[in-house]
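# A structural walkthrough
Below, each chain spelled out in residue letters.
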Amino acid sequence: GPIPKELGGSDRLVVLDVKENYLSGDLSVLDDLPGLALIQLQDNAFTGIIPDVDLTNLLVLQTHGNELSGSMPQTYCGKLESNGGSLKSLTADCAEVECDCCTQCFTNPPSQAPSSVSPHFVHQGTNQDISVEPSQASSTNPSTVPTSSIATAPIYSTEIQCCGMTAKEREENLQNVLKDVSDINLISDSFSPQGKAFNWLLYEDGVCMCPNDSSLVQRYVMAVFYFSTNGDSWTSCSADPEETDCEGGVRYLSPVDVCTWKGSQCKRSGAIKIIDFESMNVTGTIPSELSSLQDLQQLYLEKGGLTGSIPPSLGDLTNLRVIDLNFNSLTGPIPKELGGSDRLVVLDLNDNYLSGDLSVLDDLPGLALIQLQDNAFTGIIPDVDLTNLLVFQTHGNELSGSMPQTYCGKLESNGGSLKSLTADCAEVECDCCTECGVGAGDDDF
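Report on the accompanying structure. (Residues numbered from 1 in each chain as written. Predicted model: local features only at pLDDT ≥ 70, side-chain atom pairs only at ≥ 80, totals over all residues. Heavy atoms only, no water.)

## With respect to the pairing of strand E22 (residues 353-356)
Here strand E20 (residues 331-332) runs beside E22; their pairing, made up of 2 bridges, is parallel. Across the sheet, glycine 332 pairs through a bridge with leucine 354, a residue of E22. Of the strand pairs in this sheet, E22 and strand E24 (residues 376-379) are connected by 2 bridges, and their pairing is parallel. Its bridge partner being in E24, serine 355 is matched across the sheet by alanine 376. (Pairing = 2+ DSSP bridges. Helix = DSSP H or I, 4+ residues; strand = E, 2+ residues; numbered from the N terminus.)

As structure tokens, then:
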């Protein structure tokens, strides 16, 4: 059926996402929804013309895969980023809807059911077609809702143009930029998180990224993060709206700025400064590519199911202040390279399976909160003058020796600022610890 005209009363409606259904009728309801920012109507059976509406906040307008006709109103063309506006994605079936400004043109036969269509699309500037066989398509229709099931790149039937270059040129130029971020062999492996992210950029991302785009690396890295941590299995804001809800955020891999994606916060410059996921079933591994986010200050990946080791490359993040990876299943040592994070204030790694010694603390003099409890660390506790220390919890490990008096002297009871000092006092001699052994330090800091 149609989009009910009564929706025109929803004067605060910002997102209208009804793609991949069997909806029909015209689009006149858009006349009464001036607040819309994201409109996804693709792969239905809408008819008539595209209404000419001045949608002030428009970011995405996708109309392909329908039975529309006429021409794309110049109002939308004028809102494109290339024309100084905010519109990032504008699509149509350009054989039926004349559109000389669309960011992408599609040729999906609208008469076939969405579940059985083999997708085709062309990029504006040519009439050349790309086909994807059903067994190779990452979804049954072109859509801005990607999945992580990308197995192989689409097969080119001819070349296309995007960013003023052919498809092959764009792919090679993107690889040339991203090879400094990821191993080229991983980018070329369609089954790796890096390959999935690269193929998503090439063939599924509703924002056509160009090799010289200043936000290319950041967008790629966050896509790698999604695939590396099994984003399709997150409990909130995964790419597929049929799998999870996304209250209070924007889904990952949406055709908008990554700064708006759930769990991401950016500086005014547009650089990501915080990644924050807690209790969202974030599993898989932490990708080393995060080290390319040079403005990253806080990394919270708590209470998930992350495995593997802490990437040594995190030590390249000289602005990093918080590493909070507690309650996961991480293994291996704390990388000595973290000693390069001279601004690090919080190192929260409790309740994992980490091992090795604690010598990295020698090179982290700015730490204020250290939670290492309930792992498998060995050796002695280093004697480091941590000026700002507030919490130091080491119980539930395999440490030995004695607690350095340096820490005892920093306790509040001795006029210092240290509030919590814990150890397994049967193995680590500690006559000043605020708590000893199992259950110590259960207070939430």
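## Quick look at unusual backbone geometry
A positive phi is found at asparagine 230, a non-glycine position, where the angle reads about 55°. One non-glycine residue, phenylalanine 327, lies in positive phi territory at about 55°. Locating phenylalanine 327 in the fold gives a position in the loop between strand E19 (322-324) and E20. On the basis of relative accessibility, which here comes to 38%, the residue phenylalanine 327 falls in the partly exposed class. (Buried < 20%, exposed > 50% of the residue type's maximum accessible area, 1.4 Å probe, protein only.)

## With respect to the packing of aromatic side chains
Under the definition given, this model contains 12 aromatic pairs. With centroids separated by 4.9 Å and ring planes inclined at 80°, the aromatic side chains of tryptophan 234 and tyrosine 252 adopt a geometry described as edge-to-face. With tryptophan 234 in the loop between helix H5 (216-228) and strand E14 (264-266) and tyrosine 252 in the loop between H5 and E14, this residue pair connects regions lying 18 residues apart in the sequence. Each member of the pair tryptophan 234 and tyrosine 252 is classed as buried. Through successive ring pairs, a cluster of aromatic residues spans Trp200, Phe225, Tyr226, Phe227, Trp234, Tyr252, Trp261 and Phe277. Over the aromatic face of phenylalanine 327 sits the side chain of lysine 303, whose NZ or CZ is 5.9 Å from the ring centroid. (Phe/Tyr/Trp six-rings, centres within 6.5 Å; stacked < 30°, edge-to-face > 60°. Lys NZ or Arg CZ within 6 Å of the ring centre and 35° of its normal.)

Shape descriptors only; they carry no functional weight alone.
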